[in-house]
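Breakdown of the fold
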Amino acid sequence: MTSKNSIFLNALNRKNTQENIPVWLLRQAGRYLPEYMKIRSEYSDFFDMIRQPAICKELTLQPLRRYPLDAAITFTDILTIPDAMGVPVKFIKGKGPIFSDSIIKNSSIELKSKDAIKKLDYVFEATRLIKADINVPLIGFTGSPWTLFVYLFYGESPKNRHEIHDYLKLNSSKTHSYLKAMTEVMHDYVHAQIHSGADCIQIFDSWGGMLDKDYEEFSLMYINELAKNIPSNIPIILYTRGKTIDSIIESTSINCFNLDISDNIDHHIDKSIAIQGNFDPSKFHSDTDELENLAEMVFEKYKNKNNYIFNLGSGITPDIDPDKVGIFLEKLSSLSS
Ligand code: CP3
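Residues numbered from 1 in each chain as written. Predicted model: local features only at pLDDT ≥ 70, side-chain atom pairs only at ≥ 80, totals over all residues. Heavy atoms only, no water.

1. Observations regarding the overall build of the protein
Across its full length, the protein carries 14 helices and 9 strands. Rg of the C-alpha trace for the protein: 19 Å, near the compact-globule value of 20 Å for 337 residues, within the 12% margin. Along the first, second and third principal axes, the C-alpha set of the protein runs to 55 × 45 × 35 Å. Taken across its 337 residues, the protein has 57% of its residues classed as buried. For the protein, the share of sequence-separated contacts (at least 6 apart) that also reach a separation of at least 24 residues comes to 74%. Here the protein displays about 14400 Å² of accessible surface, and carbon together with sulfur accounts for 50% of that area. (Helix = DSSP H or I, 4+ residues; strand = E, 2+ residues; numbered from the N terminus. Rg over C-alpha atoms; globule rule 2.2 N^0.38 Å. Buried < 20%, exposed > 50% of the residue type's maximum accessible area, 1.4 Å probe, protein only. Contact = heavy atoms within 4.5 Å. Areas by Shrake-Rupley, 256 points an atom, 1.4 Å probe, with all protein chains shown as cover.)

2. Remarks on the site of the ligand
Lining the immediate environment of the ligand, one finds 22 residues, of which Ala29, Arg31, Tyr36, Asp77 and Ser206 sit closest. A distance of 2.9 Å is found between an oxygen atom of the ligand and a backbone nitrogen or oxygen belonging to alanine 29. Relative to its unbound accessible area of 860 Å², the ligand is 88% covered by the protein chains. Listing elements by their share of the shell around the ligand, those giving two or more residues are helix 2 (34–40) and strand 3 (96–99). (Near = heavy atom within 4 Å. Polar contact = N/O pair within 3.5 Å; in protein donor to acceptor, adjacent residues only side chain to side chain.)

3. What to know about the packing of helix 8 (residues 145–154) against helix 10 (residues 172–195)
One can describe the packing of helix 8 onto helix 10 by two numbers: an axis separation of 9 Å at closest approach and a directional angle of 120°. Here helix 8 lies oblique to helix 10, going by the angle between them. Considering how the two elements wind past one another, helix 8 and helix 10 form a crossing that is right-handed. For the pair helix 8 and helix 10, the contacting residues are Pro145, Trp146, Leu148, Phe149 and Leu152 in the first and Thr175, Tyr178, Leu179, Met182, Thr183 and Met186 in the second. When its residues are assigned to classes, the contact of helix 8 with helix 10 shows 9 nonpolar, 2 polar and no charged. (Axes fitted to C-alpha atoms, helices over the stretch in contact; angles between N-to-C directions. Parallel < 35°, antiparallel > 145°, perpendicular 65-115°, else oblique. Left-handed = near helix turned anticlockwise from the far one by under 90°. Nonpolar A, V, L, I, M, F, W, Y, C, P; charged D, E, K, R; others polar.)

4. Quick look at the nonpolar core
Core analysis: the largest hydrophobic core is formed by 123 residues, its most contacted members being Phe8, Trp146, Phe149, Phe310 and Phe328. Sorting elements by how many residues they give to this core places helix 10 first, with 10 residues. Those residues in contact with phenylalanine 8 that sit more than four places away from it in its chain are Pro22, Trp24, Asp70, Ala71, Pro137, Ile139, Cys200, Ile237, Gln276 and Ile309. (Core = buried A, V, L, I, M, F, W, Y, C linked by side-chain atoms within 4.5 Å.)

5. Side note on the pairing of strand 2 (residues 89–92)
Of the strand pairs in this sheet, strand 2 and strand 3 are connected by 4 bridges, and their pairing is antiparallel. Pairing of phenylalanine 91 across the sheet is with proline 97, part of strand 3. In this structure, the hairpin formed by strand 2 and strand 3 is closed by a connection of 3 residues, where glycine 94 is found at a positive phi of approximately 80°. (Pairing = 2+ DSSP bridges.)

6. What about the pairing of strand 8 (residues 274–277)?
Looking at chain direction, strand 7 (residues 256–259) and strand 8 are connected through 4 bridges and run parallel. Each bridged residue has a counterpart across the sheet, and for leucine 259 the counterpart in strand 8 is glycine 277. Looking at chain direction, strand 8 and strand 9 (residues 308–309) are connected through 2 bridges and run parallel. Residue glutamine 276 lies in a different strand from strand 9, and its bridge partner there is isoleucine 309. Chirality of the crossover, the property in question, places the unit of strand 8, helix 13 (residues 288–302) and strand 9 among those that are right-handed. (Right-handed = clockwise from strand over helix to strand, strands pointing away.)

7. Remarks on the sheet that holds strand 6 (residues 236–240)
Sheet architecture is open: 7 strands sit in the order 1-4-5-6-7-8-9, paired in parallel fashion. Bordering the open sheet on either side are strand 1 (72–73) and strand 9, each of which pairs with just one other strand. Running over the sheet, helix 10 touches strand 4 (138–143) and strand 5 (200–205) and is turned about 170° from strand 4.

8. A closer look at helix 9 (residues 162–170)
Looking at helix 9, one finds that the buried residues are Ile164, Tyr167 and Leu168. The arc enclosing the buried residues of helix 9, seen along the axis, measures out at 100°, which places them on a common side. Facing away from the buried side of helix 9 by more than 90 degrees, the exposed set consists of Lys169 and Leu170. Structurally, helix 9 contributes buried residues whose contacts are with helix 8, helix 10 and helix 11 (215–228). (Arc of directions from axis to C-beta.)

Encoded structure:
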């Protein structure tokens, strides 16, 4: 890799000595891009689309063709795991993911570990195809066991907190057995992605914020279990939503955090961790002058930091104009070069 293309990995290792700011965007591929929508319209089912490795490769490359990005992320989803463990998922327009079954509806729902990893081979094949075609590092990813348990419990995106908390109180050992079963499949899932070419792994704990004092028991413990088995030369990034990272930093060996929009990167930038995220994607609605000013502010603030990666605090939403994203990224890139 050329030096331009290693700044992302250097920053993950807190060793980016250049002024260039490494950049990638949460959900950089997806519905805000017309070229994504064109391919998406050929499939009624999202999973039918992502089971095609060549399509996953194309969707991964789309944002890289448009923008000066320093990392690619495999086009797939965190919900591949419950799907492969026998609980299929559909995406219904306007409703998000809908599971065929859920713990709320069926308390004896079972996760099948046998052959789950074989059913995920399309992700590894996509990883290999992507890796052969890019000149920037590739991010592999998984949901956290807790976040996937939340989907399994509600069968959709959660609308309240109390039901899952009531369940945890009465069914703690059952919950641990679901979390353990998913952690074991994820262990193989992450290793196969690394083996197929992923240069680092991001763990999405998007629903970690539903937990408070029980976060360590039901979420962090399993994230740590996964992390400790990942080879030490593969950086790991943890995305948390709805939590500040102070207490997490002390209880994990993970050294890169992707902040959501509610935390503040400046509170953490001088700690001995790498850091990315926090930027509110709705700022991409700003006009050209404002976007260029924002890029200048980011550059001036972080150009001398060895541990900073520009990224968002939540995924890009479909209402964002891709040209505005381009204006911001081109400006940031022109300042660095
Ligand atoms: O470039 C990329 O980052 C795309 C790859 C990617 C997708 N999902 C594709 C996708 C990644 C990294 C994800 C992660 C993901 N998926 C998370 C963690 C990040 C976060 O936002 O908290 C979560 C919670 C999911 C679960 C999920 N998948 C939901 C809630 C939805 C529906 C609503 C939505 O945000 O779109 C999905 C579907 C999904 N995953 C789409 C894409 C492009 C849209 C599906 C469609 O086109 O119909």
